[in-house]
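Single-letter residue listing:
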Amino acid sequence: MDLLLAYEGLFAFVGINGLLALSVYATLSCGQLSLANAGFMAIGAYTGALITLHSPGVPFLLVLLAAAAMPAVVAVPLGLPVLRLRGVFLAIATVGFGEVVRLVFVNWDYTNGALGLVAIPQRTKLWTIWLALAVALYLLGRLRGSRAGYALEAIREDETAASTMGIKTTAHKLLMLVLGAALAGLAGGLEAHYTFMVAPGGYAFGRVVDMLVQAVVGGTAAFFGPVVGAAFLTVLPELLREAGARLGFSPGPFRLFLNGAILLAVILYLPNGLVSLPRRLRRRRLA
Amino acid sequence: MGQQILNGVFVGSIYALFAVGYTLVFGVLDILNLAHQAVFMLSAFAALLLVSDAHLSLWAALPLAVVFGGLVGIALERLAFRPLRGRADSNISGLISSLAMATVFEAIALQIFGPDTSRFPQDTFPDRMIRIAGASASLLQLCIVGISVVLMALLTFLLARTRLGRQIRAVAESPRAARVLGIDIDRTIAMAFFLSSALGGAAGVLFGLAFNSISPDVGRSVELKGLAVIILGGMGSVPGAVIAGFALGIVEVFTVAHLGSSFRDAVSFAVLFLVLVARPRGLLGPAAAREA
């Protein structure tokens, strides 16, 4: 119990980062890369924070639902034209989208510009975060092995072949983009009510890189992989902070460097992520 | 009016130079190199170091920084792209590995130079204004436009007329056929990366000079513009990127003049999105954009 109290913040961020990594996984699971999730997260965070600040009486569950719904609605007009095209086009359009969302919040007086919103009441508890994560995992786990799940895998393997099989590729890809947006928004809403504040700087491009690193490092072949990756990469920098400082690194660049290097190593040498490690080791021992 | 067009051409020349390298690699590998903006940033810092610490003149530092950018490009290809070649999902995994390299580069710059803005020394370039047809421009701006245009012309010549250019175009067309014809694919791709990154690096140095501010995240905003330019020009089309670069520069300057500077970056996104909706192949891109 002491351990839980001492590291409550860390546990909370493992949960929030897990949700975010799952939001990236949602689109990756059908072979699409969405880099807009920091933007979706920002939309969710601001939506939730504004509701709580302006009408404190609204139940927290409704606030979180709104935080998830808003980016999901925005994702439809963003995804619809782009998802008809090749894989890279979603990545390109979403890089731009994430940046524009950030700029809107920087320039918008209603949300207090670059300073953002502060003094948001802390309504998120540790169990709220982990409950949300469990629900998300349950949904994504149920998707596996279902009709839609097989369709997504087919799209990831070969989109042209999938569409000749009569799978509605655009609809499936859009569904996963919307689901990813909702998860990112939910995580944003949870985080805003945990850290007391939202500011545009927290949703810069680096944030979506973090999510992607966690999803890919954990492994996108299994639905729980991203959560493993999020836990690993949230805890690791804390453990290595001392070592990094002794080598003369400042904490910010050190974490960034670690993220980049680990991502590169995993994508090159362990394409299915950490969760595939046990099986690979076993196979090697047998060989 | 004339003044605004002049400013637009000036900004546009940097966008075009940046995007030409972007699109060159996409044309050859069919992979978006998201580390291009990091090469841009590193080269700008390299030039800054050469000028302020090694006390070189700008005219010596510029080519050195450009070559440095090219070498970073070769390293990038070796580390992040070559190992993935032949993998089925190289489209997405290449994107991700280039993003990983961009993160590493940014971390290195952040560690060495810190998060704040660095500037070139005061006397790096003579501060002189010149009047052309009622509009005024600084000597620096004219030099930047001149250098960009010369570099892009050199690239066009190289692609059209030299042996290396023919090899690059052959690999872009079909790697398999190129291999059958005896072209060393790995070497050709490495050279394409060298050229692409050298041009990206040149754009970085010129951008650093033009706005006299370099920071580890300086490539981010240019990246968005570069993406808009290659989409508008047509993925993989070098002449398309040149035209689109100047066009975006001019549109951006007019938008800032009429709607305010907070719309500057929204222009790129609007252009990007409209092209993707209305004409995904861009101005001069190949027609097949719906393949999987």
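Residues numbered from 1 in each chain as written. Chains lettered and ligands numbered in written order. Predicted model: local features only at pLDDT ≥ 70, side-chain atom pairs only at ≥ 80, totals over all residues.

### Observations regarding the overall build of chain A
- Within chain A one finds 13 helices and 0 strands.
- The C-alpha atoms of chain A give a radius of gyration of 19 Å, which matches the 19 Å a tight globule of 287 residues would have.
- Dimensions of chain A, computed from the C-alpha atoms along their principal axes, are close to 55 × 50 × 35 Å.
- Taking all 287 residues of chain A together, 53% fall into the buried category.
- Taking the contacts inside chain A whose residues are at least 6 apart along the sequence as the reference set, 78% of them involve residues at least 24 apart. (Helix = DSSP H or I, 4+ residues; strand = E, 2+ residues; numbered from the N terminus. Rg over C-alpha atoms; globule rule 2.2 N^0.38 Å. Buried ≥ 20, exposed ≤ 12 C-beta atoms within 10 Å, placed from the backbone. Contact = placed C-beta atoms within 7 Å.)

### Considerations on the overall build of chain B
- A count of helices and strands for chain B gives 11 helices and 2 strands.
- Tracing chain B from N to C terminus, the helices and strands come up as α-α-α-α-β-β-α-α-α-α-α-α-α.
- Against the 2.2 N^0.38 benchmark of 19 Å for 292 residues, chain B shows a C-alpha radius of gyration of 19 Å, consistent with a compact globule.
- Burial status across chain B gives 54% buried among its 292 residues.
- Taking contacts inside chain B between residues at least 6 apart in sequence as the whole, the part at least 24 apart equals 76%.

### Here's the deal with the packing of helix α10 (residues 205-218) of chain A against helix α4 (residues 90-113) of chain B
- Orientation of α10(A) relative to α4(B), taken along the N-to-C sense of each, is 125°, at an axis distance of 11 Å. Here α10(A) is positioned oblique relative to α4(B), judged by the angle of their axes. Between α10(A) and α4(B) the crossing geometry is left-handed. Contacts from A:Val209, A:Leu212 and A:Val216 of α10(A) reach α4(B) at B:Ile96, B:Leu99 and B:Thr103. (Axes fitted to C-alpha atoms, helices over the stretch in contact; angles between N-to-C directions. Parallel < 35°, antiparallel > 145°, perpendicular 65-115°, else oblique. Left-handed = near helix turned anticlockwise from the far one by under 90°.)

### Quick word on the interface of chain A and chain B
- Taken together, the contacts link 40 residues of chain A with 36 residues of chain B.
- Sorting elements by how many residues they give to the side of chain A that touches chain B places helix α5 (residues 87-107) of chain A first, with 13 residues.
- Here the side of chain A that touches chain B is built from residues that sort into 27 nonpolar, 9 polar and 4 charged. (Nonpolar A, V, L, I, M, F, W, Y, C, P; charged D, E, K, R; others polar.)

### As for the environment of B:Gly204
All names here are of chain B.
- Take Gly204: it is sitting in helix α8 (residues 185-211).
- C-beta crowding within 10 Å serves as the criterion here: with 33 such atoms nearby, Gly204 is assigned to the buried category.
- Separated by 158 residues in sequence, Gly204 and Ala46 place their C-alpha atoms 9.8 Å apart.
- Excluding anything up to four places from it in sequence, Gly204 contacts Phe40, Met41, Ser43, Ala44 and Gly69.

### So, the pairing of strand β1 (residues 129-132) of chain B
All names here are of chain B.
- In terms of strand pairing, β1 meets strand β2 (residues 135-138) through 4 bridges, oriented antiparallel. The partner of Ile130 across the bridge, within β2, is Ala137.
- Where β1 folds back onto β2 in an antiparallel hairpin, the turn is made up of 2 residues, including Ala133, whose phi is positive at roughly 50°. (Pairing = 2+ DSSP bridges.)

### Here's the deal with helix α3 (residues 37-54) of chain A
- For α3(A), spanning 18 residues, the distance from its first C-alpha to its last is 25 Å, which sits close to the expected 26 Å at 1.5 Å a residue.
- In terms of burial, α3(A) is largely enclosed, as 14 of its 18 residues are buried. (Expected span 1.5 Å × (residues − 1).)

### Regarding the environment of B:Ala247
Residue and element names in this part refer to chain B.
- Residue placement: Ala247 occurs in helix α10 (residues 238-259).
- The buried category is assigned to Ala247, around which 20 C-beta atoms lie within 10 Å.
- Between the C-alpha atoms of Ala247 and Ala172, which are 75 residues apart in sequence, the distance is 26 Å.

### A word on helix α11 (residues 225-246) of chain A
Residue and element names in this part refer to chain A.
- Along its 22 residues, α11 runs 32 Å from first to last C-alpha, staying within 8% of the 32 Å computed at 1.5 Å per residue.
- Taken together, the buried positions of α11 are occupied by Gly225, Pro226, Val227, Val228, Gly229, Ala230, Ala231, Leu233 and Thr234.
- Close packing links the buried residues of α11 with α2 (8-28), α6 (126-143), α10 and α12 (251-269).

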